Amino acid sequence: MSSWVGTNLDADLPYADITYMLNAFDTAAAQLDANGYPVAGASGKSQTDLGFQLPTGTYDISYVGTGTLTVSGIGALVGSWQSVNGEQRAQIKITGTPGNFGNFLTLNVSNTGSQTVTNIHIYLPGIAYDEQNPFNPAFIAALGPFRAMRFMGWMGTNDSKLTNWSDRPASSHFGASPYGVPYEFVAELVNQTGKDGWINVPELATSSFISSFASFMAQNLDFTRITAARQAAGFTTPFQLIVENSNETWNMGFSAYATFLAAANANASRYPGTYAGTYGPSWMTGNSDLMKVGEYEADRLVSIGQAFHQAFQPGGHADAIAPVLSGWALGAGYSDDGLAFIQKNYGTPSKYVSYVALAPYFSTADDTTTGSLSTIFPAMVTNITSMGTALQGFAMLSKQYGIAIAAYEGGQGLTGTTNQSVKHLAQFDSRMNQTYETYLKFWQQNFGNALFMHFTLAGTPGLPENIYQYGFWGSLPGVEENLATCGKNLPTLTGSEMISSLLGYCPKYAALASHVPD
């Protein structure tokens, strides 16, 4: 396990049971039980566009009840249902359709009278009935090199509407929640792997939600298991639960910015939005609304940190809580505004904040250099070194306040439709591996072995090509890659190769994994 490299968790196939990827039943809400299944006598359909994502193979399927469950679309029943240990069991053949949207897996439940169908499970090929581990073994294996796991994407943080604790995602509920992955799975993944966890509090979460969330994590994190897993991985530093207030609160494209600005404006005397520090850039620190958001975010983070410390105190693990303050990689002024607010209203900021985090993505200055593989990589290296002034500002901020720096996200950030094929090919080229090595060394030159969280673990190999205009974020094409070979014998490409011939290579993952001690 690396001592400083972590990953955001988004991945194509994290679950052993794919029902957590399915859409809800279309049954009227009044005729759904507490776990999202049609009640006795009611029927319904769950239909999910999954052909592009699921691998072709034979999946075990089961349910409990006397109603009828049928499968259609990309799935078809193999044989007939058998009753085993109170379950109805069968197998279905799923035919994946990589590269194409619009191919649905459809489940139909038909109940009459007192009949019900509940507890539906569909297990990935090779995973047997009654599997207790909720995670795909390939997903767990892919996490091997990383010190820490950030759950921002898993928790549906951006633009979240989750307000009340009773509405949180739960593992007993059928299908995917609009609020992200069940919180039980967040705790269980930390327990299994022993890795540091980085969680995000929803922007609209009430104080009661925050207290309940803190108590839930305190009750569900098993420090005996965590310690054993860390010892087995050779990881000697104490476990941390890093706690963040929403995500990228400075980002005006996410609703948290407006949410926090409205809250700040409602108490203008407490959040004046007037920056008095020396960090820049001036366009950032001169934006009164932005500074108000920074002040409100910092204030709320103090409250969040206190709630988590209080919940973990009875078990003797309050020192595991590490609150993190948002930073904008273009300059340290936003973070300084928040830290100055804490210092003015609470005292020494390092008592309330463990990290200031930024997202130092690298790309190219524009698309004039993305027309060929021979020009795109030097342009990315130039972009990396251009971040020096901003990063040095964060290093000064860290020294001033005695607070560590971290990267909550980072990595290459190539996007857009211009020269998209070149940008896609670059993800599999040996020169991307070399560029990542340059990038990680540059990070270390500025911050030493400070925590660096790559964005993100794995993509989806079967996504239609036009989706990649939004970015090539995964360090792996998908979690089912052969980890023993995908980082070896990396090709230097000409630019004429077919992407389908390159999916077995993972230069970004190889670069990240190379920073694991022998």
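Residues numbered from 1 in each chain as written. Predicted model: local features only at pLDDT ≥ 70, side-chain atom pairs only at ≥ 80, totals over all residues. Heavy atoms only, no water.

> For this particular structure, what's the right way to read the overall build of the protein chain?
Helix and strand counts for the protein chain stand at 13 helices and 17 strands. Against the compact-globule benchmark of 24 Å for 518 residues, the protein chain has a radius of gyration of 24 Å, which places it among compact chains. Its C-alpha atoms put the protein chain at 70 × 55 × 40 Å along the principal axes. When burial is assessed residue by residue, the protein chain has 55% of its 518 residues classed as buried. Here the analysis covers contacts within the protein chain between residues at least 6 apart in sequence; of these, 79% occur between residues at least 24 apart. Roughly 20,000 Å² of accessible area belongs to the protein chain as shown, and the carbon and sulfur atoms make up 51% of that amount. (Helix = DSSP H or I, 4+ residues; strand = E, 2+ residues; numbered from the N terminus. Rg over C-alpha atoms; globule rule 2.2 N^0.38 Å. Buried < 20%, exposed > 50% of the residue type's maximum accessible area, 1.4 Å probe, protein only. Contact = heavy atoms within 4.5 Å. Areas by Shrake-Rupley, 256 points an atom, 1.4 Å probe, with all protein chains shown as cover.)

> Whenever I open this one, the sheet that holds strand β7 (residues 104–110) confuses me. Can you help?
Through backbone hydrogen bonds, the strands of a sheet pair up, either in parallel or in antiparallel fashion. Read across the open sheet, the three strands follow the order β2-β7-β4; overall the sheet is antiparallel. Single-partner strands in this sheet number two, and they are β2 (44–49) and β4 (68–73). Taken over all neighbouring pairs, the strand axes of this sheet differ in orientation by 15° on average, direction set aside. Inspection of the sheet shows β4 paired to β7 by six bridges, in the antiparallel sense. Across the sheet, V71 pairs through a bridge with L107, a residue of β7. (Pairing = 2+ DSSP bridges. Axes fitted to C-alpha atoms, helices over the stretch in contact; angles between N-to-C directions.)

> Explain helix α9 (residues 373–386) to me, please; I cannot follow it from the model alone.
Taking 1.5 Å as the rise per residue, α9 with 14 residues should run 20 Å; its terminal C-alpha atoms sit 20 Å apart, in good agreement. Among the residues of α9, those classed as buried are L373, I376, F377, A379, M380 and I384. Burial along α9 is one-sided: seen end-on, the buried residues are contained in an arc of 160°. Exposed residues on α9 whose side chains face more than 90 degrees from its buried face are S374 and T382. (Expected span 1.5 Å × (residues − 1). Arc of directions from axis to C-beta.)

> Before we go on, may I ask you to explain the pattern of salt bridges in this structure?
Inspection of the entire model under this criterion finds eleven salt bridges. Here D289 ties to K292 by a salt bridge, and the two come within 4.0 Å at their closest N and O atoms. Taken together, the positions of D289 and K292, both in helix α7 (residues 288–312) and three residues apart, correspond to about one turn of that helix. Its salt-bridge partner being D367, residue K423 comes within 3.0 Å of it at the nearest N-O pair. Of the two residues, K423 sits in helix α11 (residues 420–426) while D367 sits in the loop between β14 (361–362) and α9, which places them 56 residues apart along the sequence. Take D367: its relative accessible area is 33%, and that puts it in the partly exposed class. One salt-bridge network, held together by shared partners, links E87, R89 and D130. (Salt bridge = Lys/Arg side-chain N within 4 Å of Asp/Glu carboxyl O.)

> How should I be thinking about the pairing of strand β3 (residues 57–65) in this particular structure?
Look at any regular strand and the pattern is simple: side chains alternate between the two faces of the sheet. Where β3 meets strand β6 (residues 87–94), seven bridges bridge the pair, whose relative direction is antiparallel. Paired with T58 across the strands is K93, a residue of β6. Looking at chain direction, β3 and strand β8 (residues 117–123) are connected through five bridges and run antiparallel. Paired with S62 across the bridge in β8 is H121.

> Can you walk me through the packing of α9 against helix α12 (residues 430–447) in this structure?
Any two packed helices are characterised by how steeply their axes cross, that is the angle between the axes, and by the distance between the axes. As a packed pair, α9 and α12 sit with axes 10 Å apart at the nearest point and diverge in direction by 5°. Between α9 and α12, the interaxial angle falls into the category roughly parallel. Contact residues: L373, S374, F377, M380, V381, I384 and T385 in α9; R431, M432, T435, T438, Y439 and F442 in α12. When its residues are assigned to classes, the contact of α9 with α12 shows eight nonpolar, four polar and one charged. (Parallel < 35°, antiparallel > 145°, perpendicular 65-115°, else oblique. Nonpolar A, V, L, I, M, F, W, Y, C, P; charged D, E, K, R; others polar.)

> I would appreciate a short explanation of the side chain of E481 in the present structure.
Inspection of the secondary structure puts E481 in the loop between β17 (452–454) and α13 (507–513). Although buried, E481 forms no salt bridge, and the nearest oppositely charged side chain, K508, lies 12 Å from it. The residues touching E481, leaving out its near neighbours within four places in the chain, are L476, C486, L503, G504 and Y505. (Lys, Arg positive; Asp, Glu negative; His and termini not counted.)

All quantities given are derived from atomic positions and should not be read as evidence of function.
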